[in-house]
Amino acid sequence: RQFNIYSTLAPCHFIEMTWKQLSPAAERLRYILGEDDDMPTPTLFTEMDTLQHDGDEMEWKESARWVKFEEKVEEGGERWSKPHVSTLTLHSLFELRTCIQTGSVLLDLEGYSLPQIVDDIVDRQVADGLIGPELREKVSFVLLRKHRHQHKKPIHLSLADMGKSNNSPTSESSGLHHSTEDLRMKNKFMKKIPRDAEASNVLIGEVDFLDKPFVAFVRLAQATTLGGLTEVPVPTRFLFVLLGPHGKGKSYNEIGRAIATLMVDDLFSDVAYKARDRDDLIAGIDEFLDEVIVLPPGEWDPKIRIEPPKKVPSADMRKSVLNLNELGQVNGTGTAGGPGGGEDEEMPIPHELGEELQFTGRFCGGLWLDIKRKVPWILSDFSQGFHIQSISAVLFIYLGCITNAITFGGLLGDATDNYQGVMESFLGTALAGTVFCLLGGQPLIILSSTGPILIFEKLLYEFCKSNTIDYMELRLWIGLHSCLQCLILVATDASYIIKYITRFTEEGFSSLISFIFISDAIKKMVGSFKYYPINRVFKPDYVTTYRCECIAPDQAAAMAFNVSVPLADDNMTDLYNITGLDWSQLSKKECVKYGGALLGNACKYVPDLALISFILFFGTYSMTVSLKKFKTSRYFPTKCRSLVGDFSIIISILVFCGIDYLLGLDTPKLLHKYVCVFAVPALLVTILIFMDQQISAVIVNRKENKLKKGCGYHLDLFWVGILMAVCSFLGLPWYVAATVISIAHIDSLKMESESSAPGEQPQFLGVREQRLTGILVFVLTGVSIFLAPVLQYIPMPVLYGVFLYMGVASLAGIQVHLCFWERIKLYLMPAKHQPDFSFLRHVPLRRVHLFTLVQIICLAVLWTLKSTVAAIIFPVMILGLMVVRKMMDLMFSQHDLAWLDDILPEKEKKKEKDGKKKKDHKRTKAAEPESDEEPKSPLPPPVKIPMDTIDLPSAPDPSVTPPTQPPV
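Just so you know, these numbers come straight off a predicted model, no measurement behind them. (Residues numbered from 1 in each chain as written. Predicted model: local features only at pLDDT ≥ 70, side-chain atom pairs only at ≥ 80, totals over all residues. Heavy atoms only, no water.)

It is worth spelling out the nonpolar core at this point. Grouped together as the largest cluster of nonpolar side chains are 124 residues, with contacts concentrated most on Ile397, Ile689, Trp734 and Ile741. With 13 residues, the single largest contributor to this core is helix H23 (residues 679-700). (Core = buried A, V, L, I, M, F, W, Y, C linked by side-chain atoms within 4.5 Å. Buried < 20%, exposed > 50% of the residue type's maximum accessible area, 1.4 Å probe, protein only. Helix = DSSP H or I, 4+ residues; strand = E, 2+ residues; numbered from the N terminus.)

All right, on to unusual backbone geometry then. A negative phi holds for most residues other than glycine; trans holds for most peptide bonds. The backbone phi angle of Asp108 is positive, close to 60°, even though this residue is not glycine. Topologically, Asp108 is positioned in strand S6 (residues 104-109). In the Ramachandran plot, Asp493 falls in the positive-phi region, its phi being about 55° despite a non-glycine side chain. Within the fold, Asp493 resides in the loop between helix H16 (471-491) and helix H17 (503-531). Residue classification places Asp493 among the buried positions, given a relative accessible area of 2%.

Let's shift gears to a nonpolar patch on the surface. Residues Trp368, Leu369, Ile371, Val375, Ile378 and Leu379 make up a contiguous nonpolar surface patch of roughly 580 Å² in combined accessible area. Elements that contribute at least two residues to the nonpolar patch include exactly helix H11 (365-374) and helix H12 (378-383). With 3 residues, the single largest contributor to the nonpolar patch is H11. One can find Val375 in the loop between H11 and H12. Classification of Val375 by relative accessible area gives partly exposed; the value is 47%. (Patch = residues over 30% accessible without salt bridge, like charges linked within 9 Å, V, L, I, M, F, W, Y side chains within 5 Å. Areas by Shrake-Rupley, 256 points an atom, 1.4 Å probe, with all protein chains shown as cover. Salt bridge = Lys/Arg side-chain N within 4 Å of Asp/Glu carboxyl O.)

Under the definition given, this model contains 22 salt bridges. For Asp108, the salt bridge is made with Arg219, and the minimal N-O distance between the two is 3.1 Å. With Asp108 in strand S6 and Arg219 in strand S9 (residues 214-224), the pair connects residues that are 111 residues apart, well separated along the chain. Taking relative accessible area as the criterion, Asp108 reaches 42% and is therefore assigned partly exposed. In this structure Arg219 comes out as buried when scored by relative accessible area, which is 3%. Where Arg885 meets Asp901, a salt bridge forms, and the shortest distance between an N and an O atom there is 2.5 Å. With a gap of 16 residues between them, Arg885 in helix H32 (residues 874-887) and Asp901 in the loop between helix H33 (894-900) and helix H34 (907-927) connect regions that are remote in the sequence. In this structure Arg885 comes out as buried when scored by relative accessible area, which is 0%. Sharing partners across several salt bridges, the network here consists of Arg65, Glu71 and Glu231.

Attention now moves to the side chain of Thr852. Relative to the helices and strands, Thr852 is located in helix H31 (residues 845-866). Note on Thr852: relative accessible area 0%, which makes it buried. Once residues lying within four places of it in the same chain are set aside, the contact partners of Thr852 are Phe820, Arg823, Ile824 and Tyr827. (Contact = heavy atoms within 4.5 Å.)

The next point concerns helix H8 (residues 266-274). For an α-helix the count is 3.6 residues per turn, leaving residues at separations of three or four pointing the same way. Here H8 lies mainly inside the structure; 7 of its 9 residues are buried. Taken together, the buried positions of H8 are Leu267, Phe268, Ser269, Asp270, Val271, Ala272 and Tyr273.

Attention now moves to the state of the cysteines. Taken as a whole, this structure holds 1 disulfide when the rule is applied. This cysteine, Cys437, is not joined by any disulfide, and Cys401 carries the nearest cysteine sulfur, 8.6 Å off. Assessed through its relative accessible area of 0%, Cys437 is described here as buried. (Disulfide = S-S within 2.5 Å.)

Printed below as a string of structure tokens:
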């Protein structure tokens, strides 16, 4: 019976492997791959051609190809299959092993043309006695037949294929007429292959003049372009040839697929490049067999093609297993991520924030290190901003900033009786944001008004109003004291305490800010229903009875109502004798202006502005989400989808602004425009600023974002403190890092690999780190004050939709790394339907629910406090999240917290780590054999698998001693 295996997953070691030593294959590979070599191994493109017979004519026909995943030519012959994970029969791998063991292996062959290489292969076979001299010409004739590649396309092309070039090399001469660069530009498939790639060709065929298989594995000394041997103009480095007698074509095909799959395997390709003899290649196959997983027949359908995973495990993990740390491990221990290996996953890596938060013990030591860290990047901070992606990022974040400025400016105006409002919000945002992005330590952070700051401003104004204190003067002194306290925190490296901010605190704070964005957007939208209620009493059948007239006042009132209407900006007036007016022709505004009375049941009619506002609001949000998802859909070419996804927010705003303009409704539009005592409230502001700024900075600087230019926690806090003082003097709002907009800024600047194998997800490369986008955003925000004639066409419901999207997208973005929301959803799922999260494999479900419940209670307390009179202690309560997290050490074990959160950086953690090292050392020492006696294996005896499916000759080379056949 044949077992199908699914490669690149968790390891399944040979049963004969003992507990106390590495396998011989691992020992050999550890030596081969351990050699220092600065040259990286090129990516391999593998093509498999099968020999086709048409009477007496023969040709090689392309049947499959691999860049990373397998693509087959479908039976119809007109299209390629979807890329899929190769599923191989276990027997084919053992047969391949025997082929390499008994066939010809030519390493570092000097080859310049296909005929010369074929002659060398045949000569070696004849010299080794594998074929007779009389077969030399027949084998050479077959191997030099023409190659026909899968390049034809169906007559009816899809829209996504329109405009694609059909210039694939189809013959030996095609490579002579077009340069590789020209073909790369014209051939869509070539863009999926890295520029430094090399090819491995697999030739499989049945012939009638052989009575036993003809097998050869060739590695050329230098990659060489061999005419039309390969579908794409990539130089060939490896050749594998398998010819055999008729009747076993299916078996030959499976062997060909097996070697092709191995050649694109990251670890085996390294072995193939560095192998010194056939034993090294066999060791590579044995290592591959160590890593495969067997899927029993009858429990899955072999015809099903397995979709490529979204994230492929790195080969570095497999290489690390070849080190001594594999001692004592068997059947997959010490690995993670594969099916069946969940119980043996490694403990999550502890929460580390890098050297930026090391306590220096010197005055302004951390600030000085931040400056030294950022100075070398000054030029690239501006040059890297010149990219088309920056345009989309600037427009997206600009709209988010002005939406934030208008929304929070309006709320601040309501809270402070317009001491501060939209205009101050625009000016302050432009000033603070530009200075911070120009001089700050992390220019990807966006400064803005935030919910916690708004709450404090509201409470401060109410306190001043009730105690007859000058609000602006008190606010000035609080701002100056807060600036001084921030500078003291910078000078003493107080940002060091951020190390104690774990995912527990990040999740609570970030979720709170996201909920504030979402709730404010919904509140603003619901508020429009109060001003523009839906006309529920309107009856279409009685439309003939609806009327509204302007009635003139009586004569006495008219004589008394001779009015003087001012003209323009001078003091000239016009006197109207209202008795001469045609009241029936006046508009509603003119009627009220001249003292008339409105009479009729249609006078209070208002169009359904609330309904259309809701359509604009929800439509903007929905369209933005849909266009963002369109980037990962299967429709249209990649560039088109990427362009639509990057400009999704702009497209949505333009579409719904156009709808609003065409309807012509009057929807709401964008613009209508005691010194020592102060240290105590300033301390609350400082705590709020510190927590808000640094938690946002920690989220932005997470290692998952792959930032390369380092952080600047101390430098960021320094400029936030300085800007506090400046904004206090100018009567502008206070600004701090905005978590939601900063995450959106990061998301809009993410870079992905342009060249990816078919079926492989584009790899996240990092973020375009620069200062230009932030500076342009805030300059445009400042200029927006003069753009009122243009901005007045943007309906406020559209911007509320943007606000809602930013809150929801931020919440979703946070959950990529922080699983608070996922754990909440577990409350509503039966155990059998719960996702296979790693923490569920290691922590009991009741403990997971308890941990989540504590977080929900903390979030509810924070939300309640910010909405009540007790909100004055809101900053202290955010700091209290760290205290709650410390207390949770008494409720949960360090093991559970390691999976659900981060372990606090304490001495106990170090002791635990030291204890674990001692335990591992004892285990390794115990694994060493104490005598020469072979230890008895607790496992059952090995079972041999017969190898008689195809007839293969024994190795005639006396200089090579074949290793024993591996048991299963």
